[in-house]
Amino acid sequence: MTDYTNEHNDLKFAYKQDSTNPLIANQLAIASMEVNDYLEAFKLFKRNAEINPSEQSLSNLAYFYFHEGEPEIESGGWINREEDAILLLERVMLLNPKSEVPSAMLGQFYFAKERWNEAKSALERSFSVKPTFLNQYNLAASLFQLGQLEEASEYYWKAHQVKNECYSYWALYYYAICKIKTGSYPKEAIEELVRSMDDKNSEIDKEGLADIYYELDQYTNVVNAYEGTKLWVSPDWVLRYLYANVQCGFLDKAKDILNNALVKINEELISCITDEDEDFTPEDRERYKLELEADKRDYLRGYDDILHLNYRPSMNFTAYVESKCYLFGCKRHDNPDFLES
């Protein structure tokens with residue numbers, strides 16, 4: 001692990017010699033974060049943005065605002081400044097940034113606020129400057145949330161072609177989901193996802209494959225994928241597993257799955273009552289108890305509906321963005337200063 005203490009001290013000396021140099025100020029702010037002096041980092045980022053407002057200084061302050069906030073001196077805590085981060089990046093857009101980073105960051109921040117259309121526009125702008133895995137993947141996620149699945153599949157596929165340090169197999173996964181939802185059978189994508197099980201870097205597990213098989217009504221494959229899973233029981237996936245077993249004619253196994261889920265719920269209910277953790281407040285305890293009881297009712301009602309009403313539990317897919325460090329000049333992540341890029 002790199003020791004940033006010496007670098008931090010060297011930069012402090014350089015800053016004293018030339019406190020208006022934007023690159024030195026930026027490097028010292030980042031080094032201050034590396035040595036956990038976030039208050040000093042905030043002061044440096046903020047001052048740099050005030051006296052040297054630029055694509056880099058405003059973007060870095062926005063990044064800090066969104067992820068850390070602003071210190072509140074009286075309480076010693078930190079205040080949420082996510083909206084201020086967005087406003088700063090909107091200001092950067094008026095500068096017609098030459099880097100893809102500010103608009104990529106803005107698109108991610110809009111996405112976090114569920115402002116899908118604005119996220120789409122910002123990420124399209126980032127893509128037009130320089131296509132990357134992240135701006136294509138996150139643009140696809142925005143389109144997915146807007147229900148524009150054909151276009152989303154195109155950008156998920158483009159992102160899948162970019163195999164760099166930011167790559168995620170979720171691009172291929174959501175590409176397959178988009179294709180299925182729009183009436184296609186993504187055979188090659190599914191085969192590649194199956195092969196990805198042998199890749200230690202793959203984020204897709206057998207349960208993820210089960211979701212795809214479920215959407216394709218391939219219930220034998222669903223049963224095989226879920227076999228031996230040790231996920232925390234929840235009505236969301238357990239009822240789909242039950243349904244798949246019933247469709248395959250495995251009624252006794254479906255009953256066993258239900259009973260095992262109910263046993264685990266009852267164990268949690270007992271633990272909820274007897275847990276002596278002081279951080280587990282009476283309100284938290286009561287809230288958790290009500291959630292468990294609701295899950296229990298959902299299991300029983302869902303199982304009965306599956307057997308007698310041919311109820312098919314649905315799968316609700318939600319897209320998510322991928323992220324990275326967007327700080328210009330961050331040496332830990334090999335991010336160049338924009339002025340040097």
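Being a predicted model, the structure only gives us computed values, none of them experimental. (Residues numbered from 1 in each chain as written. Predicted model: local features only at pLDDT ≥ 70, side-chain atom pairs only at ≥ 80, totals over all residues. Heavy atoms only, no water.)

Asker: Provide a residue-level description of the nonpolar core, including the pertinent values.
Answerer: If you look at the biggest cluster of nonpolar residues, it comprises 106 residues, and the most contacted ones within it are Phe45, Phe144, Tyr156, Ile212 and Leu242. Ranked by residue count, the leading element in this core is helix α10 (residues 170-181), at nine residues. (Core = buried A, V, L, I, M, F, W, Y, C linked by side-chain atoms within 4.5 Å. Buried < 20%, exposed > 50% of the residue type's maximum accessible area, 1.4 Å probe, protein only. Helix = DSSP H or I, 4+ residues; strand = E, 2+ residues; numbered from the N terminus.)

Asker: I'd like a description of unusual backbone geometry, backed by residues and values.
Answerer: Most peptide bonds take the trans form, and the phi angle of most residues other than glycine is negative. The backbone phi angle of Asn310 is positive, close to 50°, even though this residue is not glycine. Within the fold, Asn310 resides in the segment after α16 (282-309). Positive phi, close to 55°, is recorded for Asp334, a residue that is not glycine. By the secondary structure assignment, Asp334 is in the segment after α16.

Asker: So what about helix α14 (residues 235-247)? Which residues, and what values?
Answerer: Across its 13 residues, α14 extends 18 Å between first and last C-alpha, which sits within 8% of the 18 Å expected from 1.5 Å per residue. Judged by how many residues are buried, α14 sits mostly within the fold: 11 of 13 residues are covered. Along α14, the residues classified as buried are Pro235, Trp237, Val238, Leu239, Arg240, Tyr241, Leu242, Tyr243, Ala244, Asn245 and Val246. The elements touched by buried residues of α14 are α12 (206-215), α13 (219-226), α15 (251-274) and α16. (Expected span 1.5 Å × (residues − 1). Contact = heavy atoms within 4.5 Å.)

Asker: Residue-level account of the packing of aromatic side chains, with values.
Answerer: The final tally for this structure, using the stated rule, is 25 aromatic pairs. Taken together, a centroid distance of 6.2 Å and an interplanar angle of 70° make the contact between Tyr214 and Tyr243 edge-to-face. Of this pair, Tyr214 sits in helix α12 while Tyr243 sits in helix α14, placing them 29 residues apart in sequence. As far as the burial class goes, Tyr214 and Tyr243 line up, both buried. Through pairs of rings, three or more aromatic residues link up here, namely Phe133, Tyr137, Phe144, Tyr156, Tyr167, Tyr169, Trp170, Tyr173 and Tyr174. One Lys or Arg, Lys158, reaches over the ring of Tyr155 and ends 4.7 Å from the middle of that ring. The ring of Tyr214 is capped by Arg240, whose NZ or CZ atom sits 6.0 Å from the centre of that ring. (Phe/Tyr/Trp six-rings, centres within 6.5 Å; stacked < 30°, edge-to-face > 60°. Lys NZ or Arg CZ within 6 Å of the ring centre and 35° of its normal.)

Asker: Let's hear about empty space enclosed by the protein: which residues, and what values?
Answerer: All told, the structure shown has one cavity of 30 Å³ or more when counted by the stated rule. Of the pockets and cavities examined, the largest cavity occupies roughly 50 Å³. Looking at the largest cavity, the residues that line it are Tyr4, Glu7, Gln27, Ile30, Ala31, Glu34, Gly329, Lys331 and Arg332. Broken down by element, the lining of the largest cavity gets its largest block of residues, four residues, from helix α2 (residues 22-34). Considering only residue class, the lining of the largest cavity consists of three nonpolar, two polar and four charged. (1 Å grid on protein atoms, 1.4 Å probe; cavity = no way out; pocket = protein on both sides within 12 Å on 5 of 7 lines; lining within 4 Å. Points joined across faces, edges and corners; volume = space filled by probe spheres on them. Nonpolar A, V, L, I, M, F, W, Y, C, P; charged D, E, K, R; others polar.)

Asker: I'd like a description of a negative patch on the surface, backed by residues and values.
Answerer: Judged by side-chain charge, Asp275, Glu276, Asp277, Glu278 and Asp279 come together as a negatively charged surface patch. Checked against the element boundaries, Asp279 lands in the loop between α15 and α16. By relative accessible area, which is 67% here, Asp279 ends up exposed. (Patch = residues over 30% accessible without salt bridge, like charges linked within 9 Å, V, L, I, M, F, W, Y side chains within 5 Å. Areas by Shrake-Rupley, 256 points an atom, 1.4 Å probe, with all protein chains shown as cover. Salt bridge = Lys/Arg side-chain N within 4 Å of Asp/Glu carboxyl O. Lys, Arg positive; Asp, Glu negative; His and termini not counted. Charge placed at Lys NZ, Arg CZ, Asp CG, Glu CD.)

Asker: So, the state of the cysteines: which residues are in play, and what are the values?
Answerer: This model, assessed by the stated rule, comprises zero disulfides. Here Cys166 stays unpaired: no disulfide links it, and the sulfur of Cys325, its closest cysteine neighbor, is 11 Å away. (Disulfide = S-S within 2.5 Å.)

Asker: So what's going on with the pattern of salt bridges? Residues and values would help.
Answerer: Within the structure shown, the criterion is met by 17 salt bridges. The shortest N-O distance in the salt bridge between Lys181 and Glu215 comes to 3.2 Å. Of this pair, Lys181 sits in helix α10 while Glu215 sits in helix α12, and the two are 34 residues apart along the sequence. Owing to a relative accessible area of 40%, Lys181 belongs among the partly exposed residues under this scheme.

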